[in-house]
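Residues per chain are reported as follows:
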Amino acid sequence: MKHIVKIMAVVVAISAFWVGLLQTSIVSQDYTWLLPIYFIVSLGCYGLLMVGIGLMQFPTCPQEALLLQQVLYLRFYYNLLLYVIVLDEDILEAKDFLKQRDVDVGSD
């Protein structure tokens, strides 16, 4: 609830600032319609910054980190095994193709 109140306070403050700029004509009327767009872009940049900081300061959990590491190792070795199997099949297929063309492929 406190976070919503802070966000609403910021939105009200920025809206008041924008209305004040419109009434005092400090900023030309040609540029005032761009202020909400600048605000939205700035809010997006702020959000990305907060996500980046959150990722950099991510609290680690040793049990989950170990589990994730084991899963990554298992996937790596599984993919490596599949690659070796596919590579071996490709080599056998290439040897058969070259033998059909009467090319000496060496000893089997």
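Please refer to the structure higher up on the page.
Residues numbered from 1 in each chain as written. Predicted model: local features only at pLDDT ≥ 70, side-chain atom pairs only at ≥ 80, totals over all residues. Heavy atoms only, no water.

Caption draft 1: Just the layout of surface pockets, in detail. Reported here for the largest pocket is a volume of approximately 260 Å³. Together, H3, K6, I7, V10, V11, I14, F39, S42, L43 and Y46 line the largest pocket. Of all the elements in the fold, those that place two or more residues in the lining of the largest pocket are α1 (2–24) and α3 (35–56). Element by element, the count of residues in the lining of the largest pocket is highest for α1, at six residues. Here the second largest pocket defines a volume of roughly 180 Å³. Around the second largest pocket sit V11, I14, S15, F17, W18, L21, L35, P36, Y38 and F39, which together line it. Elements with a contribution of two residues or more to the lining of the second largest pocket: α1 and α3. Per element, the largest residue contribution to the lining of the second largest pocket is six residues, and it comes from α1. Considering only residue class, the lining of the second largest pocket consists of nine nonpolar, one polar and no charged. (1 Å grid on protein atoms, 1.4 Å probe; cavity = no way out; pocket = protein on both sides within 12 Å on 5 of 7 lines; lining within 4 Å. Points joined across faces, edges and corners; volume = space filled by probe spheres on them. Helix = DSSP H or I, 4+ residues; strand = E, 2+ residues; numbered from the N terminus. Nonpolar A, V, L, I, M, F, W, Y, C, P; charged D, E, K, R; others polar.)

Caption draft 2: Here's a closer look at the packing of aromatic side chains. This model, assessed by the stated rule, comprises one aromatic pair. Arranged with centres 5.3 Å apart and planes meeting at 65 degrees, the rings of F76 and Y77 form a pair that is edge-to-face. With relative accessibility at 48%, the residue F76 sits in the partly exposed group. Its relative accessible area of 52% is what places Y77 among the exposed residues. (Phe/Tyr/Trp six-rings, centres within 6.5 Å; stacked < 30°, edge-to-face > 60°. Buried < 20%, exposed > 50% of the residue type's maximum accessible area, 1.4 Å probe, protein only.)

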